[in-house]
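Chain by chain, the residues run as shown.
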Amino acid sequence: MSSTANTASHYPTIHKDPTAGPFNMKDYDALYKAFKWEQFADELNLPRENGINKATICIDGHPPEVMERKALIWHSAEDKQEFYTFADLKRETNKFANVLKSLGVQKGDRVFVYLERIPEIFITLFGALKLGAVVGPLFSAFGPEAIKDRLEDSGAMVVVTSPELKDRLDAIRADLPALKHVIIVDRKHSQLHPPQAHEVLYSEAMAKASEQFTAPYTDPDDYSIIHYTSGTTGKPKGAVHRHAAVIAQAATSKYILDLQPETDIYWCTADPGWVTGTSYGMFGPWALGATILVYEGGFKAEDWYKIIQEHHVTVWYTAPTAIRMLMKAGEDVAARFDFSSLRHLCSVGEPLNPEAVVWGQKVFGHVFHDTWWQTETGAMHICNYPCLDVKPGSMGKPFPGVEAGILDEEWKPLPAGEEGHLAIRPQAPSIFRTYWHKEELYNSRFKNGWYITGDRAKMDEDGYYWFIGRADDVINTAGHLVGPFEVESALIEHPAVAEAGVIGKPDPERLEIVKAFISLKAGYEPSEELEKDIKNFVRTRLAAHAYPREIEFLAGLPKTRSGKIMRRLLKARELGLPEGDTSTLED
Ligand code: 6R9
C-alpha cells in the first residue's frame, strides 16, 4: 500500500492492490454495468430446490464436509466456550421447529426472541425461520416499554426469553392479547417459579422434540425477519425482509467482508438484536458456510483484544464507537496482544473517522473498511472493498448491483460534489418489503423510483460517497438509532415531567448522546436527584442505550403554534447555531 494526497478529507488515499479479494477493481466499471443479482445466487450455489428458506440455506443445505465445520464458537461472559457445527445446528433447529409446531405456530406467525447473547438466539431464530414463522429479534437491553411497542405492533404469538429477562415481559403481558406462548430458555437451570399455563420450558420441550424436520416450501418473497427501527416521528416501525434477502447478504459477505469459509474465524461484534447482528452476525456468513465467533461479554478493550488473540480472529466487523473506545484505551494496551491472525477489518453504523481508518492500519496492520447500509436496505450498499483504494472518511462506492444517487429537494439527481439526499434504487433482494402494517409510511419512503434513505451525503468525482448527516431528527448514539419521540413518550410518563423535547447532542466518543429538555409539572423543582430519577426511569422502562445522558430543565419548551415541540430550535440553541425560520414559533 502507498499513499497520495486525497483532497476530500485531507488524509491521503490509501492505495490497495486492485486485484486483492474476490473482486478485481480494474474491472469495476464493467462489473458494475453487467451485474445481475440472480447471477450471484447461481454463483454462490445456494440450495434453492425448495424455494429459498434462510434456515435451509444457512444451516441445512451445506455439503457434508461443511456440515462438520464449526458454525458457531460461543465465548461466554464467564470465559467458557461452546462449539456448534452446522450439523449440530441443523439438529437443534429441527427440534425447535418441532417445538413451535407443537404449540400450533404456523407459517407467517410472529416469533420474537428476547435473549442475552447466547447460542439459543441462533437456534430459536433459525428454528422459527425453518417453520416459515416471521422472526423478530429484541435487544436484551430493552425495557418493558420498548418490547411492548414491538410485540404489540407485530402481534407476536410467541416470545422466547430467559428467566432473567422474563420479569420485563411479565410487566406488560396483560397488554399483549396476541401473545400465546412464552418459551423460557433455562440455560443456567435458574430456579423458576412453577411455569404458568402459557409458559414453556425450553429444556423440557427440546428434550421431547424430534430431530427430524423438513422445511415447507418457502417462497423467496415470503417474510423472514422484522427489525424495528426508529424514525423521527411515532414509535419504531417494523422493517420487514424476505427470505431472498439472504442472496444479498451472502454476496456482500463474500465480496465485502471477503469471507473465506474454509479458513476464516469471523467476529461480528453487533448484537443479534440489531440488523448487523442478523444480516452479518448470522445470515450472510452462514450462507457461505463460514465460522462465526460470538462473544457474550460487553465492551472492554483488553477483553476484546484477548478474544481476537485467543480465537485467531481473521475477519472482524465492528463499529466506530467501539473503535474510538479502543483508540482511547491506548496503543500500549493493544501492544500487549498478538493480532497477526487478523486479515480484514470492516466497520458500520456511524461515520467512521479518517483517524480510525488509519489507526487500524497502525495497530492491526490493516485499515478499517467502512460500509454503509441500513435496517431497510438489509445488506451493505455503499462500501470499501478489499481491492478498492481507501479514501479515509469516505463510505466507499456502491456495491455492483446497487444504484445510488444524491438527490435534490425535488428528488432529482445532483452532480458530483453537491450535497443532497442519499437515495438508492430498490433493487437488491435484501431491500425491505414493507413496514409491518404501515404500507403508507413505507410508500412515503420512495420518490421517483428511489428509496430515500434519510441520510444526507455527497459523491465525489471518483464516485466515492461521503456521509454528511441525517436529514431527519433520528439520533445515532454509539451506532444505535433512537427516535426522539420514543424517548419523549417515555419521559412524559414520569410523574414530574410536563413536556419533553429530545435531540442528539454531538459527542466525541458516541457520535451523539440523547439529550432531553424538560419542563416540570407544577409542584416539582429541578434537582440532581430528580434528574437521576428521570434518567433511571427511562433507562429501565425504555432501554439502557436510549436514556437521556443529559437533561436540561426549562421553564417551557419552544413550540409551534400548533403545539409541536420545535426540536430543531432546541438543537440550534444547544449548538449555538442560527435559529433559522422561527415564524411558526408560538408567541
Ligand atoms: C446497519 C445499520 C442506519 C443508519 C444510516 C446512517 C447510519 C450506518 C454508516 C452510517 C455513516 C456509515 N450509518 N452506516 N453513517 N457511515 N458507514 O447501522 O442500520 O441501525 O438502520 O442504521 O446509520 O445514518 O441511515 P441502522
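If you're wondering where the values come from, they're calculated on a predicted model, not measured in any experiment.

Criteria and cut-off values
Residues numbered from 1 in each chain as written. Predicted model: local features only at pLDDT ≥ 70, side-chain atom pairs only at ≥ 80, totals over all residues. Heavy atoms only, no water. Salt bridge = Lys/Arg side-chain N within 4 Å of Asp/Glu carboxyl O. Helix = DSSP H or I, 4+ residues; strand = E, 2+ residues; numbered from the N terminus. Buried < 20%, exposed > 50% of the residue type's maximum accessible area, 1.4 Å probe, protein only. Near = heavy atom within 4 Å. Polar contact = N/O pair within 3.5 Å; in protein donor to acceptor, adjacent residues only side chain to side chain. Areas by Shrake-Rupley, 256 points an atom, 1.4 Å probe, with all protein chains shown as cover. Nonpolar A, V, L, I, M, F, W, Y, C, P; charged D, E, K, R; others polar. Pairing = 2+ DSSP bridges. Contact = heavy atoms within 4.5 Å. Axes fitted to C-alpha atoms, helices over the stretch in contact; angles between N-to-C directions. Right-handed = clockwise from strand over helix to strand, strands pointing away. Phe/Tyr/Trp six-rings, centres within 6.5 Å; stacked < 30°, edge-to-face > 60°. Lys NZ or Arg CZ within 6 Å of the ring centre and 35° of its normal. Parallel < 35°, antiparallel > 145°, perpendicular 65-115°, else oblique.

Using the criterion set out here, one finds 45 salt bridges in the structure. Residue Lys254 is joined to Glu43 by a salt bridge in which the shortest nitrogen-to-oxygen separation is 3.0 Å. Of this pair, Lys254 sits in helix H10 (residues 245-255) while Glu43 sits in helix H2 (residues 37-43), and the two are 211 residues apart along the sequence. Using a relative accessible area of 25% as the deciding quantity, one classes Lys254 as partly exposed. One salt bridge in this structure joins Lys505 and Glu550, with 3.0 Å as the shortest N-O distance. Here the residue Lys505 occupies a position in strand S27 (residues 497-507), and Glu550 occupies one in strand S29 (residues 550-553), the gap between them amounting to 45 residues. In this structure Glu550 comes out as partly exposed when scored by relative accessible area, which is 26%. Overlapping salt bridges, with partners in common, bring together Lys505, Lys515, Glu550, Glu552 and Glu574 in one network.

So, about the site of the ligand. Around the ligand lies a shell of 18 residues, among which Asp370, Thr371, Gln374, Thr375 and Asp455 are the nearest. Pro351 has a polar backbone atom sitting 3.5 Å from a nitrogen atom of the ligand. One of the side-chain N or O atoms of Asp370 is found 2.8 Å from a nitrogen atom in the ligand. Contact with the protein chains hides 96% of the accessible area of the ligand, taken as 530 Å² for the molecule alone. Those elements giving two or more residues to the shell around the ligand turn out to be helix H11 (275-288), strand S16 (368-372) and strand S24 (465-470). In terms of residues, the shell around the ligand owes the most to one element, S16, which gives three residues. Among the residues forming the shell around the ligand, the class breakdown is eight nonpolar, six polar and four charged.

In space, the nine strands of this open sheet follow the order S4-S3-S13-S12-S14-S15-S16-S17-S18, with mixed pairing throughout. Whereas interior strands pair on both sides, the edge strands pair on one side only; in this sheet they are strand S4 (81-85) and strand S18 (397-398). Sheet topology places strand S3 (residues 70-75) next to strand S13 (residues 291-295); four bridges connect them, and they run parallel. Each bridged residue has a counterpart across the sheet, and for Leu72 the counterpart in S13 is Ile292. Sheet strands in contact with helix H5 (residues 86-102) are S3 and S4, and its direction is about 85 degrees off that of S4. Against the sheet, helix H13 (residues 320-329) touches strand S14 (315-318), strand S15 (344-347) and S16, its axis set at about 105 degrees to S14.

What you see with strand S6 (residues 134-137) is no split at all: Val134 and Gly136 on one side and Val135 and Pro137 on the other are buried throughout. Across four bridges, strand S5 (residues 110-114) lies against S6 in parallel orientation. Of the residues in S6, the one forming a bridge with Arg110 is Val134. Following the chain from S5 across helix H6 (residues 119-131) to the adjacent parallel S6, one finds a crossover that is right-handed.

If you walk through the whole model with that rule in mind, you get 40 aromatic pairs. Ring plane angle 70 degrees and centroid distance 5.4 Å describe the contact between Phe432 and Tyr451, whose orientation is recorded as edge-to-face. Linking Phe432 in the loop between strand S20 (419-424) and strand S21 (434-435) with Tyr451 in strand S23 (residues 450-459), this pair joins segments that are 19 residues apart in sequence. The class for Phe432 is buried, based on a relative accessible area of 1%. The ring of Phe83 is capped by Lys70, whose NZ or CZ atom sits 4.3 Å from the centre of that ring. When the ring centre of Trp74 is taken as origin, the NZ or CZ atom of Arg187, which lies over that ring, is 4.7 Å away.

Further remarks concern the packing of H10 against H11. Between H10 and H11, whose axes approach to 8 Å, the crossing angle comes to 80 degrees. What the angle tells us is that H10 and H11 run roughly perpendicular. Facing Val246, Ala248, Gln249, Ala250, Thr252, Ser253 and Lys254 of H10, the residues of H11 in contact are Ser279, Tyr280, Phe283, Gly284, Pro285, Ala287 and Leu288. Looking at side-chain class alone, the contact of H10 with H11 contains eight nonpolar, five polar and one charged residues.

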